[in-house]
Amino acid sequence: MSTLVLCVDRSDDVGRVSDFETPIVGWEAVQSLVTELGLVDPEDSSVNCILEALRVTRKLQDDDADPTVAVVSGGSGSLVGADRSLAAELDTLAERYSAESAIVVIDSANDEQVIPVIESRIRVDSVDRVVVRQAHDIQSTYYLLKQFLADEELRTTVLVPLGTTLLFLPILLIQFPPTIALAGLTALLGAVLLYKGLAIDQYLEEAPEQVQTALYSGRVSVVTYAVGAGLALVGVFLGALAIPTTVSADSVIVQSVQFIYSAIPWLALAALTVSAGRLLDEFIESERITTPYLNLPFGVVALGFVVRGFAGWFLQRETILTTPEVFNYMITPQQRLATFIIVGIIISIIGVRVAASVNNQTDDDLTQH
């Protein structure tokens, strides 16, 4: 089987700097060409491309193949005329050497565009792209940009937000001080990138269909999700009301802990309502409840106790919460925290035991049936 090792020069660099006429075929002829090109312009990437063709040819000879190295050029003039000239040279080589396959060596994206022309005349087994080491970063950046601009999703994700930002920047700078304008644009750009990065757009796109499916299937979780959302809003509202206006603006930590302390019971109740709905759906669909769905309500309640205990300990240490008294005994912040943690652990253990008991009973019923 005869193989052609083709060094492609679509822009006719060979014809412009040397007296050789393409196609140039054979080891000695190509070696003479690369020597002359190197002496005229050592920085030309075509020199590296031809040397790579010679290297590939020698490697194929070592593998007991029958390669023929050749340099083809597109000639001068328009791109259409150059491609037609290169196609004529390919026809001549394929007929003269009865080549069944070709290995194409190129050094630029411009040369890469003629690969379909070569494939229409001879089978291409490999494409060897030569990147000069000194210009590796430039070439790699070019190919990355080319691939990036060809991807529609990446363009809409990155270029559209950047273009919008640059478009609104002059308008905002005219209307607002530079600090406010830049801060607003940065926040907007960050929100857009998070919107795409967290796939929120896909979730919003699929949400109506999921809600419609849930409504048609009669799932209880649809109602419990709505109730949970309402309870969560109530918790956020009460948590915001619990923050006193007398606290200084510098006490951000105190305000945050007060918000958590007041909101956590309602947020835990919202999570408990949602988990109960998921548990009922699981039982209705499969007539059995798996361990994760059983553990979830107990875990939510236990977590609520622990978080409220830590928040109460902090507020009691800051004397924002009054010290509770039980049977004329003043409970310290440490004792209060320990009590909440112990209760949370006990609730978690009860959940594990209940889940294990229910699953064992279900497995026994399935074995009997």
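Our subject is the structure listed above.
None of these values were measured; they are calculated from a predicted model.

## Some thoughts on the overall build of the chain
Turning to step 1, where the next piece is worked out: Tallying secondary structure elements over the chain gives 14 helices and 7 strands in all.
Turning to step 2, where the next piece is worked out: Looking at the 369 residues of the chain, the share that counts as buried comes to 31%.
Turning to step 3, where the next piece is worked out: Here the analysis covers contacts within the chain between residues at least 6 apart in sequence; of these, 63% occur between residues at least 24 apart.
Turning to step 4, where the next piece is worked out: For the chain, the accessible surface area stands at approximately 22,700 Å², while carbon and sulfur atoms represent 62% of it.

## Looking at the nonpolar core
Turning to step 1, where the next piece is worked out: Of all hydrophobic cores here, the largest spans 20 residues; its most connected members are Val5, Val30, Leu33, Ile50 and Val71.
Turning to step 2, where the next piece is worked out: Elements supplying a minimum of two residues to this core: strand 1 (2-9), helix 2 (27-40), helix 3 (45-62), strand 3 (66-73) and strand 4 (101-106).
Turning to step 3, where the next piece is worked out: Element by element, the count of residues in this core is highest for helix 3, at 7 residues.
Turning to step 4, where the next piece is worked out: In this view, isoleucine 50 contacts Cys7, Val30, Leu33, Val34, Leu37 and Val71; residues no more than four positions away in its chain are not counted.
Turning to step 5, where the next piece is worked out: Core analysis: the second largest hydrophobic core is formed by 18 residues, Leu4, Leu6, Leu86 and Leu93 among them.

## Structural notes on helix 3
Turning to step 1, where the next piece is worked out: Between its first and last C-alpha atoms helix 3 spans 26 Å; for 18 residues at 1.5 Å apiece the expected length is 26 Å, and the two agree.
Turning to step 2, where the next piece is worked out: Every buried residue of helix 3 is listed here: Ser46, Val47, Cys49, Ile50, Glu52, Ala53, Leu54, Val56, Thr57 and Leu60.
Turning to step 3, where the next piece is worked out: Considering only its buried residues, helix 3 is in contact with strand 1, helix 1 (13-17), helix 2, strand 3, strand 4 and strand 5 (123-129).

## Section: helix 11 (residues 221-241)
Turning to step 1, where the next piece is worked out: Between its first and last C-alpha, helix 11 extends 30 Å over 21 residues, near the 30 Å set by a 1.5 Å rise per residue.
Turning to step 2, where the next piece is worked out: All of the buried residues along helix 11 are Ser221, Thr224, Gly228, Leu231, Gly235 and Gly239. Burial along helix 11 is one-sided: seen end-on, the buried residues are contained in an arc of 80°. Along helix 11, exposed side chains directed more than 90 degrees from the buried face belong to Val223, Ala226, Leu233, Phe237 and Leu241.

Rules behind the numbers
Residues numbered from 1 in each chain as written. Predicted model: local features only at pLDDT ≥ 70, side-chain atom pairs only at ≥ 80, totals over all residues. Heavy atoms only, no water. Helix = DSSP H or I, 4+ residues; strand = E, 2+ residues; numbered from the N terminus. Buried < 20%, exposed > 50% of the residue type's maximum accessible area, 1.4 Å probe, protein only. Contact = heavy atoms within 4.5 Å. Areas by Shrake-Rupley, 256 points an atom, 1.4 Å probe, with all protein chains shown as cover. Core = buried A, V, L, I, M, F, W, Y, C linked by side-chain atoms within 4.5 Å. Expected span 1.5 Å × (residues − 1). Arc of directions from axis to C-beta.

Geometry only, nothing functional implied.
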